[in-house]
Amino acid sequence: MGRLIVVSNRVNPPHDPSVATAGGLAMALAAALREYSGVWFGWSGRTVDDYTGQLSISKVNGVTVATVDLEAQEHHEYYNGYANRTLWPLFHYRPDLTAYERSFDAGYARVNRRFAEALRPLIEAEDFIWVQDYHLAHLARELRGLDVANRLGFFLHIPWPARRLLVTLPRHAELVSALLDYDLIGFQTEDSRHAFLDYITGAADGSVTPDGEVSAFGKSARTGVFPIGIDAAEFETAAVSETALAAHERIVASAVGRRLLLGVDRLDYSKGLEERFLAYEQLLADHPDLRERLFLLQIATLSRENVDAYQDLRARLDTVSGRINGAYATVDWVPLRYVNRAYRRDELAGLYRAADIGLVTPLRDGMNLVAKEFVAAQDPDDPGVLILSEFAGAAEQLSAALVVNPFSREDVAEAIRRGLSMPLAERRSRWREMIDNVRREDVAAWRDGFVEALRGSPPPPALAVA
Ligand code: ADQ
């Protein structure tokens, strides 16, 4: 049985899972690689003056990692440029924030080619290669150009946008055509896959079979839906650990009987933080009776600080949070506690468990693992209420949450009011439905589902396996 090679932009297997702050993706990939003895390949995180293509290979916590350094300029064009100023905003329905520059495009193509060249010598005939996310859409095309005949799979962690939005991207056909050099293209949701198929038939003059195989640009690939999950058992255990308990007790003590609303996000415009603050402000304005009886703890880790839109968002959040606290705080009540640091996973679990309401209100999100972590961390006897955006991929699975339109302040404010007064029996029954899903569709199900589907792919017709 062939090895699994995982490729992603950054290679960051957690040294100690309990203290990892790297996020859900790193946790999920490390779990996949421990299961199937494999290699994790990607950028080292280091930049050099002149690219050498030299691989560094090491073993971290049971996972073999192979990394390559990149030149600073090309990394900038590829990562801060095409990946995070072009694809990320467009795929999150923000054409207003989407920048398109030819240098970004060229840097992206070059880094994908460098990845293919550096990876090529590591590949053995039976290996399966699983490429992660929007940074590496061209990688299969580059590998095929180097005569790699192995099965190649691609998983998109972010949403696939509607056809009418995607066609605003210059050279969109080249991007989609490159994706069809993969054997299997995986999406988080049916909604994303549907949008992809719609592009194939509506913009690429291609065809789609009933089981989701697409043909266009003279190539074909299979598509599938593989909703990513969390390591539910690990998170449920973390939520009752000593560290979690200490975090729980600390926040409860400081709450002095007030109800806790909690948000945990990367500081990103897709997460709807500003809209969430405005909904909370509206709630306080409309319901004076609620003031001093609750508070919002928003943890927002800084992210992509080199990109202007993130600096602008940070400044706006500082302003809105200051305005809310300026208008409503009293000598012994701060309505909005806004924190920009990262927490250990077990501390986060304790905070989730202490919350009366988890606010997960992205404007667009591939999946959103915070929603699933919140569910996994709850006390089964007295679970908190999850308020979840209808535009998070997780809403396809967690329909027992209070599902809201995050663009509507009234909708979010009303859900908070409803959540605060929800009877225990209803909280329990909604939570049971959600935890069943979080346990069943966990990270192992995601990984196995994708890898099995990739193994089941027929070999690419044009290239016989050596
Ligand atoms: P992200 O956009 O990063 O992931 P998400 O799925 O919510 O979003 O994962 C965030 C992770 O970071 C969670 O595991 C969370 O616990 C952690 N995290 C957030 N703030 C933290 C803090 N202050 N301290 C410590 N940890 C923190 C992308 C896509 C998502 C998709 C994932 C996985 O945008 O839609 O769900 O990949 O596919």
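Thresholds applied
- Residues numbered from 1 in each chain as written.
- Predicted model: local features only at pLDDT ≥ 70, side-chain atom pairs only at ≥ 80, totals over all residues.
- Heavy atoms only, no water.
- Helix = DSSP H or I, 4+ residues; strand = E, 2+ residues; numbered from the N terminus.
- Buried < 20%, exposed > 50% of the residue type's maximum accessible area, 1.4 Å probe, protein only.
- Contact = heavy atoms within 4.5 Å.
- Expected span 1.5 Å × (residues − 1).
- Arc of directions from axis to C-beta.
- Near = heavy atom within 4 Å.
- Polar contact = N/O pair within 3.5 Å; in protein donor to acceptor, adjacent residues only side chain to side chain.
- Areas by Shrake-Rupley, 256 points an atom, 1.4 Å probe, with all protein chains shown as cover.
- Nonpolar A, V, L, I, M, F, W, Y, C, P; charged D, E, K, R; others polar.
- Domains from an automatic or database assignment.
- Phe/Tyr/Trp six-rings, centres within 6.5 Å; stacked < 30°, edge-to-face > 60°.
- Lys NZ or Arg CZ within 6 Å of the ring centre and 35° of its normal.

Student: Where do I start with the environment of Arg 364 in this structure?
Tutor: Position of Arg 364 relative to the elements: it lies in the loop between β14 (357-360) and α13 (369-377). By relative accessible area, Arg 364 is classed as buried at 18%. Along the sequence, Arg 364 and Tyr 93 sit 271 residues apart, while their C-alpha atoms lie 7.4 Å from each other. Residue contacts for Arg 364: discarding those within four places in its chain leaves His 92, Tyr 93, Ser 270 and Phe 391.

Student: Hey, could you run me through helix α9 (residues 242-255) in this one?
Tutor: Side chains of residues three or four places apart in an α-helix project in the same direction, reflecting 3.6 residues per turn. Here α9 spans 20 Å end to end across 14 residues, near enough to the 20 Å set by a 1.5 Å rise per residue. Within α9 the residues assigned to the buried category are Ala 244, Ala 247, Ile 251 and Ala 255. Buried residues of α9 fall within an arc of 70 degrees about the axis and therefore sit on the same side. Those residues of α9 that are exposed and aimed more than 90 degrees away from the buried face are Glu 242, Glu 249, Arg 250 and Ala 253. Packed against the buried residues of α9 are α8 (232-238), β11 (259-266), β12 (294-301), β13 (336-339) and α12 (345-354). Looking one or two residues past α9, Val 256 carries a phi angle of roughly 35 degrees, positive in sign.

Student: Any chance you could explain the site of the ligand here in plain terms?
Tutor: If you check the shell around the ligand, you find 25 residues, and the closest are His 157, Thr 301, Tyr 343, Asp 365 and Glu 373. In the model, an oxygen atom of the ligand is placed 2.9 Å from a nitrogen or oxygen of the Asn 368 main chain. With respect to the ligand, the backbone of Leu 369 contributes an N or O atom lying 2.8 Å from an oxygen atom. In isolation the ligand exposes 710 Å². Once the protein is present, 93% of that is buried. Sorting the residues of the shell around the ligand by element identifies β11, β12, α12 and α13 as the ones contributing at least two each. For the shell around the ligand, the residue count by class is 11 nonpolar, 7 polar and 7 charged. Mapping the shell around the ligand onto the domain boundaries places at least three of its residues in each of domain 1 (4-229 + 444-463) and domain 2 (232-440).

Student: Can you walk me through the packing of aromatic side chains in this structure?
Tutor: Taken as a whole, this structure holds 21 aromatic pairs when the rule is applied. Centroid distance Tyr 78 to Tyr 79: 6.5 Å. Interplanar angle 50 degrees. Geometry classified as tilted. You can call Tyr 78 buried: its relative accessible area is 0%. A ring pair is formed by Trp 160 and Phe 187, whose centres lie 6.2 Å apart and whose planes are at 80 degrees; its orientation type is edge-to-face. A residue pair is termed long-range when its members are at least 10 positions apart, and Trp 160 in the loop between β6 (151-155) and α5 (163-166) and Phe 187 in strand β7 (residues 184-187) qualify at 27 residues. Each member of the pair, Trp 160 together with Phe 187, is buried. Lying over the aromatic face of Tyr 51, Arg 114 brings its terminal NZ or CZ to 4.0 Å of the ring centre.

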